[in-house]
Amino acid sequence: MQTDQAAVNGISITYEDKGPKGAPVILLVMGLGGQLTLWPDEFVDALNERGFRTIRYDNRDVGLSTRFDAEGVPNVKWMIVKSVIGLPIRPAYTLADMAADGIGLLDHLGIKRAHIVGVSMGGMISQHIAARYPERVLSLTSVMSTTGNRRLPRAQKQAMQVLANRPMNGDKEALIAYSVGAARVIGSPGYPAAEDRLQRRVRADFERGWYPQGVARQMAAIVADGDRRPILKDIKAPTLVIHGEDDPLVPLPGGRDTAANIAGARLLTIPGMGHDLPLGLVDTMADAIAEHAKAVAVPA
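Residues numbered from 1 in each chain as written. Predicted model: local features only at pLDDT ≥ 70, side-chain atom pairs only at ≥ 80, totals over all residues. Heavy atoms only, no water.

- By the naming in an unreviewed UniProt entry, the protein chain goes by Alpha/beta hydrolase and is assigned to Sphingopyxis fribergensis.

Some remarks on the sheet that holds strand E5 (residues 114-119)
Inference 1: Strand order in the open sheet made by the 8 strands is E1-E2-E4-E3-E5-E6-E7-E8, with mixed pairing throughout. Strand pairing shows two members of the sheet lacking a second neighbour, strand E1 (4-8) and strand E8 (266-270), which therefore form its edges. With strand direction ignored, the average angle separating the axes of adjacent strands in the sheet is 25 degrees.
Inference 2: As defined by bridge partners, E1 adjoins strand E2 (residues 11-18) across 5 bridges and the pair is classed as antiparallel. Looking across to E2, one finds that Ala6 is bridged to Ile13.
Inference 3: Strand contacts of helix H3 (residues 95-108): E1, E2, strand E3 (25-29), strand E4 (53-57) and E5, with the helix running at about 115 degrees to E1, the strand carrying the most contacts. (Pairing = 2+ DSSP bridges. Helix = DSSP H or I, 4+ residues; strand = E, 2+ residues; numbered from the N terminus. Axes fitted to C-alpha atoms, helices over the stretch in contact; angles between N-to-C directions. Contact = heavy atoms within 4.5 Å.)

Quick notes on the UniProt feature "domain: AB hydrolase-1" (unreviewed entry) in the protein chain
Inference 1: Per the UniProt annotation, the sites labelled "domain: AB hydrolase-1" (unreviewed entry) are residues 24-277.
Inference 2: The span residues 24-277 is 43% helix and 13% strand, and its two end C-alpha atoms sit 22 Å from each other. (UniProt positions renumbered as here; feature names shortened; annotations may be inferred.)

Points about the pattern of salt bridges
Inference 1: This model, assessed by the stated rule, comprises 19 salt bridges.
Inference 2: With a shortest N-O distance of 2.9 Å, Arg56 and Asp41 are connected by a salt bridge. Within this pair, whereas Arg56 is found in strand E4, its partner Asp41 is found in helix H1 (residues 41-49), the two being separated by 15 residues in sequence.
Inference 3: Given a relative accessible area of 39%, Asp41 falls into the partly exposed group.
Inference 4: Across the pair Arg184 and Glu195 runs a salt bridge, and its minimum N-O distance is 2.7 Å. Highlighted residues: Arg184 in helix H6 (residues 172-186) and Glu195 in helix H7 (residues 195-209), separated in sequence by 11 residues.
Inference 5: Using a relative accessible area of 34% as the deciding quantity, one classes Arg184 as partly exposed.
Inference 6: Members of the salt-bridge network, linked through shared partners, are Glu16, Asp41 and Arg56. (Salt bridge = Lys/Arg side-chain N within 4 Å of Asp/Glu carboxyl O. Buried < 20%, exposed > 50% of the residue type's maximum accessible area, 1.4 Å probe, protein only.)

Structural data, given as structure tokens:
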């Protein structure tokens, strides 16, 4: 994979630009702690084959993009408790800042308008992009994400434990084993990943840019963001919401609530899908996103 660096909002963002240069652009926004490599190559290729240019990137504080070491590491467990009892969270940066990074990357590449596709936290960031920069957004696809509505069901216990107990240091092999186990906990029960592939992917990501401190700060940005339903009502872009029916980390009501609060949004639920992008659903998701994007009338 060939990646480049972009100077964006005073930081450096690592990205990959792939596909025909004259094609409509899809900006792929990854979720909590996920490097750009968490978008399966097969999924990116499928979008390219369907006539799109894809931009995937490492969010700030993850992978090879700028790290915010000077901001310190928040206590994730205490942060979750504070959110439950309504105490304020003071993050190092906000999801709105991360949305501005995505727009800055489009500016760097000279791209005026794009289709925005975000998963999990990336879906939250994409919601901010669509609400705050409507003139830049051709369409929005929010995948396995939610609104921040505190009345929605919380993650299943085991999935929440995986999120809250992410180790910050330790033996390399033990850390890799933890990450493999975590992927199994939140993954798709109907489309389990092959063990050898999962091991290779986790090990490669670990060696490329393992950085749990940044994940904690990204988590703080999520918790501090609160309820996005008011800004979702400002979204005018044609919107597709995709959600797994068996998601243990962001249960299905989160997707339903997202679709219910964006005017005209269409909801696609997928049986057997959890909180990942399994190979068995590459064509299903690529077809849905491509059909959604191609239905948008692009102004001259």
